[in-house]
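The primary structure of each chain is shown beneath.
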Amino acid sequence: MTQIDYNHLAQKAVESKKFAHPPYSNFHVGAALLTESGEIYSGCNVENSSFGLTICAERVAVFKAYSEGIRKFKAIAVASDDQNFCPPCGACRQVLMDLCGDIDFIMVDGKMQTKVFKLSELLPYAFGDENLKSK
Ligand code: THU
């Protein structure tokens, strides 16, 4: 099986970390979302003194893209301060599956190594708009 080269996207995720605003956790996260037409939308985590209002890097990236009318995506790469691969939180798994579909999710570690998952591996048996249709 050929694996798509996501090194460029991984590099963009690392670069996006520099804009992170994590004054409470001090944990910087960067995301880079690849659209079907080849554009990249970046994101970083933005924390809030009312902690629950914090937004993760992944959701910033996808909401930025949506806000500009983009609806079709290929992949998202995420890098963090953790030297190991950083898995996405449950909320981001749901939002990404709902708004981007079963795209590739690339985790980037501190050595710029990548691990590629399908979103459906990270969120099996997902809730989605199909479930609302029987209503
Ligand atoms: N965070 C992300 O931005 N993405 C992830 O995939 C994991 C967690 C952020 C949220 C919060 O600002 C900080 O990391 C610590 O949880």
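Residues numbered from 1 in each chain as written. Predicted model: local features only at pLDDT ≥ 70, side-chain atom pairs only at ≥ 80, totals over all residues. Heavy atoms only, no water.

So what's going on with the environment of leucine 122? Residues and values would help.
In this structure, leucine 122 sits in helix H4 (residues 119-122). Here leucine 122 falls in the buried class, since its relative accessible area comes to 13%. Residues leucine 122 and lysine 74, spaced 48 residues apart in sequence, show a C-alpha to C-alpha distance of 16 Å. (Helix = DSSP H or I, 4+ residues; strand = E, 2+ residues; numbered from the N terminus. Buried < 20%, exposed > 50% of the residue type's maximum accessible area, 1.4 Å probe, protein only.)

Break down the site of the ligand for me, citing the residues and quoting the values.
Taken together, the neighbourhood of the ligand is formed by Ser25, Phe27, Val29, Asn45, Glu47, Thr54, Cys56, Ala57, Glu58, Pro87, Pro88 and Cys89. The separation between an oxygen atom of the ligand and a polar side-chain atom of asparagine 45 is 2.9 Å. Protein coverage of the free-state accessible area of the ligand, which is 380 Å², stands at 80%. Residues belonging to the shell around the ligand are distributed by class as follows: 7 nonpolar, 3 polar and 2 charged. (Near = heavy atom within 4 Å. Polar contact = N/O pair within 3.5 Å; in protein donor to acceptor, adjacent residues only side chain to side chain. Areas by Shrake-Rupley, 256 points an atom, 1.4 Å probe, with all protein chains shown as cover. Nonpolar A, V, L, I, M, F, W, Y, C, P; charged D, E, K, R; others polar.)

With reference to specific residues and values, describe the nonpolar core.
Soluble globular proteins tend to bury their nonpolar side chains together. Ranked by internal contacts, the top residues of the largest apolar core, which has 23 residues, are Leu33, Ile76 and Phe105. Breaking this core down by element, the ones donating at least two residues are strand S1 (29-35), helix H2 (57-67), strand S3 (73-80), helix H3 (90-100), strand S4 (104-108) and H4. Excluding residues within four positions of it along the chain, phenylalanine 105 makes contact with Glu58, Ile76, Val78, Pro88, Leu96, Lys115, Val116, Phe117, Leu119 and Leu122. Grouped together as the second largest cluster of nonpolar side chains are 11 residues, Ala10, Ala13, Ala32 and Ile106 included. (Core = buried A, V, L, I, M, F, W, Y, C linked by side-chain atoms within 4.5 Å. Contact = heavy atoms within 4.5 Å.)

Give a detailed account of the packing of aromatic side chains, specifying residues and quantitative values.
Centre-to-centre distance and the angle between the planes together describe a pair of aromatic rings. Under the criterion given, the structure shown has 2 aromatic pairs. Seen from their ring centres, tyrosine 24 and phenylalanine 51 are 5.3 Å apart, and the 50° between their planes marks the pair as tilted. Here phenylalanine 51 lies in the loop between strand S2 (40-44) and H2 and tyrosine 24 lies in the loop between helix H1 (7-16) and S1, a separation of 27 residues in the sequence. In this structure phenylalanine 51 comes out as exposed when scored by relative accessible area, which is 59%. With centroids separated by 6.1 Å and ring planes inclined at 15°, the aromatic side chains of tyrosine 66 and phenylalanine 73 adopt a geometry described as stacked. Tyrosine 66 gets classed as partly exposed once you look at its relative accessible area, which sits at 23%. (Phe/Tyr/Trp six-rings, centres within 6.5 Å; stacked < 30°, edge-to-face > 60°.)

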